[in-house]
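Letter by letter, the chains look like this.
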Amino acid sequence: KLGQWLCGLALLGSAWAALALAPPGLQLPAPYRQALLPLPVYLLVAFGCYSLATVGYRLATFNDCEEAAAELQEHISAARADLRR
Amino acid sequence: SGNSFEIIIIDDGSPDGTQEIAEQLEKIYGSDKILLRPRARKLGLGTAYIHGMKHATGNFIVIMDADLSHHPKFIPEFIRKQKEGNFDIVSGTRYKGNGGVYGWDLKRKLISRGANFITQVLLRPGASDLTGSFRLYRKEVLQKLMEKCVSKGYVFQMEMIVRARQLGYTIGEVPISFVDRVYGESKLGGNEIVSFLKGLLTLFATT
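Residues numbered from 1 in each chain as written. Chains lettered and ligands numbered in written order. Predicted model: local features only at pLDDT ≥ 70, side-chain atom pairs only at ≥ 80, totals over all residues. Heavy atoms only, no water.

(A) Expanded view of the side chain of Asp129(B). Looking at the element boundaries, Asp129(B) is found in the loop between α4 (106-123) and β6 (135-138). Taking the relative accessible area as the measure of exposure, Asp129(B) reaches 0% and is therefore buried. (Helix = DSSP H or I, 4+ residues; strand = E, 2+ residues; numbered from the N terminus. Buried < 20%, exposed > 50% of the residue type's maximum accessible area, 1.4 Å probe, protein only.)

(B) Focus on the domain arrangement of chain B. Residue and element names in this part refer to chain B. Splitting chain B by domain gives domain 1 (1-57) and domain 2 (59-204). Distance from the C-alpha centre of domain 1 to the C-alpha centre of domain 2: 21 Å. Counting residues at the interface gives 8 residues for domain 1, matched by 13 residues for domain 2. Between domain 1 and domain 2, a total of about 850 Å² is buried, with carbon and sulfur atoms accounting for 73% of that surface. Linking domain 1 with domain 2 are 0 salt bridges. (Domains from an automatic or database assignment. Contact = heavy atoms within 4.5 Å. Buried area = accessible area lost by both parts, 1.4 Å probe. Salt bridge = Lys/Arg side-chain N within 4 Å of Asp/Glu carboxyl O.)

(C) Main features of helix α5 (residues 139-148) of chain B. Residue and element names in this part refer to chain B. Restricting attention to buried positions, one finds in α5 the residues Lys139, Val141, Leu142, Leu145 and Met146. An end-on view of α5 places all buried positions within 160 degrees of arc, on one side of the element. In this fold, the buried residues of α5 make contact with α2 (45-54), β3 (60-63), β4 (89-93), β6 and α6 (153-166). (Arc of directions from axis to C-beta.)

(D) Focus on the pairing of β3(B). Residues and elements named next belong to chain B. Residues Ile61 and Ile63 point to one face of β3 and are all buried, whereas Phe60 and Val62, pointing to the other face, are not buried. In this structure, β3 lies alongside β6, joined through 4 bridges in antiparallel fashion. Across the sheet, Val62 pairs through a bridge with Leu136, a residue of β6. (Pairing = 2+ DSSP bridges.)

(E) Layout of a nonpolar patch on the surface. Residues Leu39(A), Tyr42(A) and Leu43(A) make up a contiguous nonpolar surface patch of roughly 320 Å² in combined accessible area. Following the sequence through the fold, Leu43(A) ends up in helix α3 (residues 39-60). (Patch = residues over 30% accessible without salt bridge, like charges linked within 9 Å, V, L, I, M, F, W, Y side chains within 5 Å. Areas by Shrake-Rupley, 256 points an atom, 1.4 Å probe, with all protein chains shown as cover.)

(F) Quick look at the pattern of salt bridges. Residue and element names in this part refer to chain B. Following the criterion strictly, the structure yields 5 salt bridges over all chains and no others. As a salt-bridge pair, Asp88 and Arg138 come within 3.0 Å of each other at their nearest N and O atoms. On the criterion of sequence distance, the pair formed by Asp88 in the loop between α3 (75-85) and β4 and Arg138 in strand β6 is long-range, its members being 50 residues apart. Arg138 sits in the buried class, given a relative accessible area of 16%. The salt bridge partner of Glu159 is Arg163, with a shortest N-O separation of 2.9 Å. With Glu159 and Arg163 both in helix α6 and 4 residues apart, this pair spans about one turn of that helix. Residue Glu159 is classed as buried on the basis of its relative accessible area, which comes to 1%.

(G) Broad picture of the layout of surface pockets. All names here are of chain A. In this structure, the second largest pocket encloses a volume near 410 Å³. Taken together, 13 residues line the second largest pocket, and the ones lying closest to its centre are Leu9, Leu12, Pro40, Leu43 and Leu44. Counting only elements with at least two residues in the lining of the second largest pocket, the list comes to α1 (2-20) and α3. If one sorts the elements of the lining of the second largest pocket by residue count, α1 sits on top with 7 residues. (1 Å grid on protein atoms, 1.4 Å probe; cavity = no way out; pocket = protein on both sides within 12 Å on 5 of 7 lines; lining within 4 Å. Points joined across faces, edges and corners; volume = space filled by probe spheres on them.)

(H) Geometry of the UniProt feature "transmembrane region" (unreviewed entry) in chain A. With numbering aligned to this structure, UniProt lists the feature "transmembrane region" (unreviewed entry) at residues 41-60 of chain A. Its end C-alpha atoms 29 Å apart, residues 41-60 of chain A is made of 100% helix and 0% strand. (UniProt positions renumbered as here; feature names shortened; annotations may be inferred.)

(I) Fine view of the interface of chain B and chain A. Across the contact, 35 residues belong to chain B and 27 residues belong to chain A. For the pair chain B and chain A, the summed buried area comes to about 2700 Å², and 66% of that belongs to carbon and sulfur atoms. Linking chain B to chain A there are 0 salt bridges. Across the contact surface, chain B and chain A share 3 residue pairs in polar contact (both at pLDDT 80 or more). (Polar contact = N/O pair within 3.5 Å; in protein donor to acceptor, adjacent residues only side chain to side chain.)

In structure tokens, the structure reads:
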């Protein structure tokens, strides 16, 4: 997995570097370059927000099985009674 | 339920009287149904699996906690799921469907969800609950995985799933409810979190 991540990052990194830091002759039009330069930071922040949102959502929807706990207590008493015989 | 089964109980000299109770159960249900295979002292979960497997005569093995946080009522569902997709492994998940927990405070839930999220991002395992230990395995699959796994504790459970994916085994999921220890106390301290992260990074780097 580390290998996959490094390859992916290297690929993206070199593509970004090539486009953003190209020598004057090969540059893209100015607006594109202005957007491209901070792109990595934007992506990082976006990922951070996504992570927080996802974990928050999952935390909020983490089921609480009250019925399961109650049912378990019933089963325990029934099993106890059954085994006493 | 019509399924033939045997129960293998492995007790590493628990101080709470588990052994005596297990012996009484054996008397009630017969020693073909309940197999006691105690060990002299606490030797760890991984070796308990191996030890248990040596005495198992069936084709499938269900691993579960014996403190009632895993309810046996899910076992027929595991079996049904396995038949449905001919899965090599059926994993109980607390995070999907109507799976869930009871008895966890917000902090514990946050740690659980956070850790699971990091694991999903880094390992992309194809299963929603990696640290759960309520699972059904085909016997040969469990044996193969035991040979390959090297970690301990929570990470061990994760490693089983990750290696299973590597070896191309199919994994099905069944939502389960985890009712936190009715008996005894659970601890999730800083140490466990640190060793979890270390283990996760090791898995990340080596699988």
